[in-house]
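Working through the structure, step by step
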Amino acid sequence: GFLAAALDSGGSQSPKSRALRGHIGLTQLVAELEAECRSRLRSAGAAVPEGFSASRPFRELRERGRLDPAVLRAAAELRQRGEDAPATPATPATPGTRSGGGGDGAWGMAGTCGFRACVLANAWLDDSGGRRAWAALRERLRRRFRPVLESCRVGAAKPDPGAFRRALSELGTPPQQVIVVEEHAESVAAARALGMAAVLARDTEATLRDLQEITGVQLLFGADVEAPPEPISPEELGHGYVQIRPGVQLHFVELGRGPALCLCHGFPESWLSWRFQLAPLARAGFRVMALEMKGYGDSSAPSDISEYSQEQICKDFITFLDKLGILQVILVGHDWGGAMAWNVALFYPERVRAVAVLNTPFRPPDPDCDVLERLGRIPEFDYQLYFQEPGVAEAELEKDIARTLKILIRSAAPEDRLPVPLDVRSVRQRGGLLVGLPEDPPESRLLPPAVLRYYVRQFRKSGFRGPLNWYRNLRENHEWALSARGRTIPLPALMVTAGKDPVLKPGLSKGMEKWIPRLQRGHIEGCGHWTQMERPSELNGIVLRWLRNLPPEENSRPNNSKL
């Protein structure tokens, strides 16, 4: 049409071509296009329509911009399930995505090295008043595809072979190991001329079906199957270190801006267990921090057992907040991280805006019962008694860290079960937690290859002594809790139970409202112990709804201060 002709006027030096190569930005493109349109109208003896604006089509394009959920899910599945695949000439990846941020909205390029997906998009530099929308769109793309290459930064636009050569260079992959999925025949021809396999995209479903057949990875799902949230990887985040005191530092990652929200993991986990929660919570308007708990990975792992008492753990956490200048925090914890969250809310309520805990119930201590004797009467807690003798469980769990993690961290799904199930009962009688279990267990659905590698690397740094020491303060924790046995937790609170947790069963949370009067509840039936990894979409929905209904933050300045 008229606008397309004006955009392309001048061939390789047209406003569009120069913008796609990054020679001019969107603001200049619009100005040149408007001048060209007015010149053409005058030459044709036509009046310029009232209210004419060359920027309107670009605003409409930005508003129509979307990320196809089916393509995003396919990219996530390939990254999660395909990372152990060998890099061979037959290894393809996923297509890119339609983008409303610039250029022609073409399908991107997908290059792989073990199902590594990237996007090559014809796009201009958006320096307009609406540039924030493109920044947000690009950030979402970056979560699924690496790298995201834009023609305006590459200096060449498809179908120019130079654009594909730059993408190959970024991937570090020979053309024979790449499949390009394109919706324009000219780009398909250019990719094939360079030795790449290329598919002319039809519709999303047909394209994903072709890739599914080639890769062997399920990429098409029914409408009733909810797509998982976007996982995040260590290299995508800012990492911080806070020295609590000499010899003790805590490592954390963070994302987003807004009120502080801290995620605290359990045993034997990592901050990366929150990889499905970090981005959604940050998008909801929070400064999200995932703490690597003391004893794990890049946080300090002192050998002294007393360092891991709940009293000391909570004191360290308050120092962590102090040194970051955080007055109040929303705490979300799982397993031992949940126990810490309840204790911080109980002993330091002024520092907690709200508290949410997965799986771990709150119970005040019984002053008439020895905690270890009570555990001895509950078969499901026998593993905790096995953990008491320093050095014994460490030797077993550290012998083959990958095996340990693949046995312990599994979903409740039937297809993820081991041939011989893990039994936390009679552990001392068997002589070990992992005795009788496979030497080479199958991959866990919760620990895709890249995630497992990260976990193993972190546990090789810290070992299991620190994580196990959390269990070796049960009597000390009991005594500390007795000092607050008459207190309640009157803060906004959320308890999320999991129907198939074999140890922290939902029934253990019965009656918590007596001590936590503002408690709200969420429940995920059919979910095992590893809630945030096993059922992330459902959990995120529960937590985000709860967060939206929290009362507003209080004014941090005292109203009656005389200072």
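In this report, the structure presented in the accompanying data block is examined. Note that this is a predicted model, so its numbers are computed, not measured. (Residues numbered from 1 in each chain as written. Predicted model: local features only at pLDDT ≥ 70, side-chain atom pairs only at ≥ 80, totals over all residues. Heavy atoms only, no water.)

1. With respect to the overall build of the protein chain
Broken down by element type, the protein chain carries 23 helices and 13 strands. Across its three principal axes, the protein chain shows a C-alpha extent of roughly 95 × 65 × 45 Å. A fraction of 73% describes how many contacts in the protein chain between residues 6 or more apart in sequence connect residues 24 or more apart. Side chains of the protein chain carry 73 positive and 67 negative charges; the gap between the two charge centres is 3 Å. (Helix = DSSP H or I, 4+ residues; strand = E, 2+ residues; numbered from the N terminus. Contact = heavy atoms within 4.5 Å. Lys, Arg positive; Asp, Glu negative; His and termini not counted. Charge placed at Lys NZ, Arg CZ, Asp CG, Glu CD.)

2. Focus on helix H10 (residues 204–215)
Between its first and last C-alpha, H10 extends 16 Å over 12 residues, near the 16 Å set by a 1.5 Å rise per residue. Listing the buried residues of H10 in full gives Thr204, Ala206, Thr207, Leu208, Leu211 and Thr215. Once H10 finishes, glycine 216 follows within two positions and takes phi at roughly 80 degrees, a positive value. (Expected span 1.5 Å × (residues − 1). Buried < 20%, exposed > 50% of the residue type's maximum accessible area, 1.4 Å probe, protein only.)

3. Focus: empty space enclosed by the protein
Evaluation of the coordinates by the stated rule reveals 3 cavities of 30 Å³ or more. The calculated volume of the largest cavity comes to roughly 50 Å³. In this structure, the largest cavity is lined by Leu250, Leu291, Met293, Lys294, Ile313, Asp316, Phe317 and Met340. Of all the elements, helix H12 (residues 310–324) adds the most residues to the lining of the largest cavity, at 3 residues. For the lining of the largest cavity, the per-class residue count stands at 6 nonpolar, no polar and 2 charged. (1 Å grid on protein atoms, 1.4 Å probe; cavity = no way out; pocket = protein on both sides within 12 Å on 5 of 7 lines; lining within 4 Å. Points joined across faces, edges and corners; volume = space filled by probe spheres on them. Nonpolar A, V, L, I, M, F, W, Y, C, P; charged D, E, K, R; others polar.)

4. Observations regarding the sheet that holds strand S10 (residues 329–334)
Strand pairing in a sheet is mediated by backbone hydrogen bonds. Such pairs are either parallel or antiparallel. Strand order in this open sheet of 8 strands is S6-S7-S9-S8-S10-S11-S12-S13, and the pairing throughout is mixed. Whereas interior strands pair on both sides, the edge strands pair on one side only; in this sheet they are strand S6 (238–245) and strand S13 (519–524). Across the sheet, the mean angle separating the axes of adjacent strands is 20 degrees when strand polarity is ignored. Bridge count for strand S8 (residues 260–264) against S10 is 4 bridges, and the pairing is parallel. Counterpart to leucine 261 in the pairing with S10 is isoleucine 330. Its contacts with the sheet put H12 on S6, strand S7 (248–255), S8, strand S9 (287–292) and S10, and the angle it makes with S6 is roughly 120 degrees. (Pairing = 2+ DSSP bridges. Axes fitted to C-alpha atoms, helices over the stretch in contact; angles between N-to-C directions.)

5. Here's the deal with the packing of helix H13 (residues 336–347) against helix H21 (residues 474–482)
Interhelical geometry of H13 versus H21 gives an angle of 25 degrees and a closest axis separation of 12 Å. Judged by the inter-axis angle, H13 sits roughly parallel to H21. With respect to the hand of their crossing, H13 and H21 are arranged in left-handed fashion. Contacts between H13 and H21 pair Trp336, Asn343 and Phe347 from the former with Leu474, Asn477, Trp480 and Ala481 from the latter. Looking at the contact of H13 with H21 residue by residue, the class counts come to 5 nonpolar, 2 polar and no charged. (Parallel < 35°, antiparallel > 145°, perpendicular 65-115°, else oblique. Left-handed = near helix turned anticlockwise from the far one by under 90°.)

6. Considerations on the packing of aromatic side chains
Enumeration over the complete set of coordinates arrives at 17 aromatic pairs. Its end group placed over the ring of tyrosine 308, lysine 294 keeps NZ or CZ at 5.7 Å from the ring centre. (Phe/Tyr/Trp six-rings, centres within 6.5 Å; stacked < 30°, edge-to-face > 60°. Lys NZ or Arg CZ within 6 Å of the ring centre and 35° of its normal.)

7. Regarding H12
Over its 15 residues, H12 runs 21 Å from end to end, which matches the ideal 21 Å to within 8%, given 1.5 Å per residue. All buried positions along H12 are accounted for by Gln310, Ile313, Cys314, Asp316, Phe317, Ile318, Phe320 and Leu321. Directly after H12, the chain includes glycine 325, whose backbone phi takes a positive value near 70 degrees.

8. Regarding the pattern of salt bridges
A full pass over the atoms with the stated rule returns 28 salt bridges. Notably, a salt bridge pairs glutamate 182 with lysine 158, separated by 2.6 Å at the nearest N-O pair. Taken together, the residues glutamate 182 in strand S4 (residues 178–182) and lysine 158 in the loop between helix H7 (151–154) and helix H8 (161–171) connect sequence positions 24 residues apart. In this structure glutamate 182 comes out as buried when scored by relative accessible area, which is 0%. Taken together, the shared-partner salt bridges connect Arg245, Lys294, Glu307 and Asp316 into one network. (Salt bridge = Lys/Arg side-chain N within 4 Å of Asp/Glu carboxyl O.)

9. Here's the deal with the pairing of strand S12 (residues 493–498)
Taking burial as the measure, the 6 residues of S12 include 6 buried ones, the bulk of the element. Strand direction decides the pairing type here: strand S11 (residues 352–358) and S12, joined by 4 bridges, are parallel. Counterpart to leucine 358 in the pairing with S12 is valine 496. Sheet topology note: the S12/S13 ladder contains 6 bridges and is parallel. Looking across to S13, one finds that leucine 494 is bridged to glutamine 520.

10. Here's the deal with the state of the cysteines
Applying the stated criterion across every chain, the model contains 0 disulfides. Here cysteine 264 is not disulfide-linked; the sulfur of cysteine 262 is the nearest cysteine sulfur, at 4.1 Å. When its relative accessible area of 0% is taken as the criterion, cysteine 264 is described as buried. (Disulfide = S-S within 2.5 Å.)

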